[in-house]
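Each chain, letter by letter, is given below.
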Amino acid sequence: MRLREELFLLGYDNAGKPAVHADSLDIGVAGARLIELVLAGRVAVAAGRLSAVEAPATGDADDDGLLAAIARSPQPPPLAGALSQLRTGAIDAVRADLLAEGVLTKAVQRRLGLVPVTRYPADEAVVRTITVRLWYAAHGRSQPDEPTAALCGLVHAVLLHEHVFTTMPMAGLEPRLRDIRSRLAPPVREIVDGVGTLVASAAFAIYR
C-alpha cells in the first residue's frame, strides 16, 4: 500500500468520519506523494526545491506527468509551491483508488433523519495493521524503516497523532515523534517539515 493511502486511512475514524480538517489531510497526502517519489529515487529535495532524477518512466501516468513537469521547469520548483498545487483534490484521488481496491466502502446516512451524509468506512484489518506498525515505532520497540518513519512524521505534521496513538500519553509521544522526524533522511524531513508549515498556515487562515 502506498504511503499516501496509509495516511488517508489514518485520517478517519471507524465510521469514516474525518479526524482532522480536510485541508490538513490534503496537504499531508500531497507530501506523502512526494515522499514516495523521493524514496523511489525519482525526486531529489535540497534547500526547499525539487528536482527530478533521470530514470525510466514509472508506469503511473500521474507520477510520470509530475516528474516531467518538475524536469522541464526552468528553475527547480519550490517545495512549498509543489505542495500547494498537489494538495488540490489529493484526498479525493486517494479515496477513489481505495474504493476501487475495496479497502473503503461508501455508506450514506441521514443526519437527524433528514440530511444525507456520505461516509467511507475502511477495512478495519487494514487500518489495524498500519496502526500497530506505528505503535511499535512510537514506543521504540522497533527501529522504523524509511516508509514507517516517514508516516510517523506525516501523522505528527498533520496533527493526527492524538487520533492515532490514543493509548500513549502525550508527554512521551511528542518527544518520540520529534525524534523520529529528526532522524529522517534530509529530503524526506524537508517534505515533512514543509507539510507541517502549510498545515499550520491553513489552520491560521481558517480560524483568523
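Residues numbered from 1 in each chain as written. Predicted model: local features only at pLDDT ≥ 70, side-chain atom pairs only at ≥ 80, totals over all residues. Heavy atoms only, no water.

1. Here's the deal with the overall build of the chain
We count it as follows: We count a stretch as a helix when DSSP gives it H or I for four or more residues in a row; a strand needs E for two or more, and each element gets its number in order from the N terminus. Put simply, the radius of gyration uses C-alpha atoms, and a globule should come to 2.2 Å times the residue count raised to 0.38. We call a residue buried when its accessible area falls under 20% of the maximum for its residue type, exposed when it is over 50%, and partly exposed in between, using a 1.4 Å probe and counting protein chains only. Contacts: residue pairs with any heavy atoms within 4.5 Å of one another. Lys and Arg are tallied as positive, Asp and Glu as negative. Neither His nor the chain termini are counted. Charge positions come from single atoms, namely NZ of Lys, CZ of Arg, CG of Asp or CD of Glu.
Helix and strand content of the chain: ten helices and four strands. The order of α-helices and β-strands along the chain, N terminus first, is α-α-β-β-α-α-α-β-β-α-α-α-α-α. Compactness check: the chain gives a C-alpha radius of gyration of 17 Å against a globular reference of 17 Å for 208 residues, within 12% of the reference. In terms of overall dimensions, the chain has a C-alpha envelope of 55 × 40 × 40 Å along the principal axes. Relative to its full complement of 208 residues, the chain shows a buried share of 42%. Long-range contacts, defined as pairs at least 24 residues apart, comprise 65% of the intrachain contacts of the chain with a sequence gap of at least 6. Charge-centre separation for the chain: the mean point of 22 positive side chains lies 5 Å from the mean point of 23 negative side chains.

2. Quick notes on helix H2 (residues 22–39)
Heads up, the condition is: One less than the residue count of a helix, multiplied by 1.5 Å, gives the span that helix is expected to have.
The terminal C-alpha atoms of H2 lie 25 Å apart, and with 18 residues this matches the ideal 26 Å at 1.5 Å per residue to within 8%. Among the 18 residues that make up H2, 15 are buried, leaving the element largely enclosed by the rest of the structure. A positive backbone phi angle near 75° is found at Gly41, which sits one or two residues after H2.

3. Some points on the packing of aromatic side chains
Going by this rule: Two aromatic rings from Phe, Tyr or Trp, using only the six-membered ring of Trp, form a pair when their centres are within 6.5 Å; if the ring planes differ by under 30 degrees the pair is stacked, by over 60 it is edge-to-face, and anything between is tilted. Definition used: whenever NZ (Lys) or CZ (Arg) falls within 6 Å of the ring centre and also within 35 degrees of the ring normal, the charge is taken to sit over that ring.
Tallied over the full model, the rule gives two aromatic pairs. Between Phe8 and Tyr12, the aromatic rings sit 4.9 Å apart at their centres with planes inclined by 40°, giving tilted as the arrangement. On the accessibility criterion, Tyr12 (14% relative accessible area) is buried. Measuring from centroid to centroid gives 5.2 Å for Trp135 and Tyr136, while their planes differ by 85°, and the two rings are edge-to-face. We classify Trp135 as partly exposed; its relative accessible area is 27%. The exposure class assigned to Tyr136 is partly exposed, which follows from its relative accessible area of 39%. The ring of Tyr120 carries Arg95 above its face, with NZ or CZ at 4.7 Å from the centroid.

4. Overview of unusual backbone geometry
Phi at Ala47 takes a positive value of approximately 55°, unusual for a residue other than glycine. Counting through the fold element by element, Ala47 comes out in the loop between strand E1 (43–46) and strand E2 (49–52).

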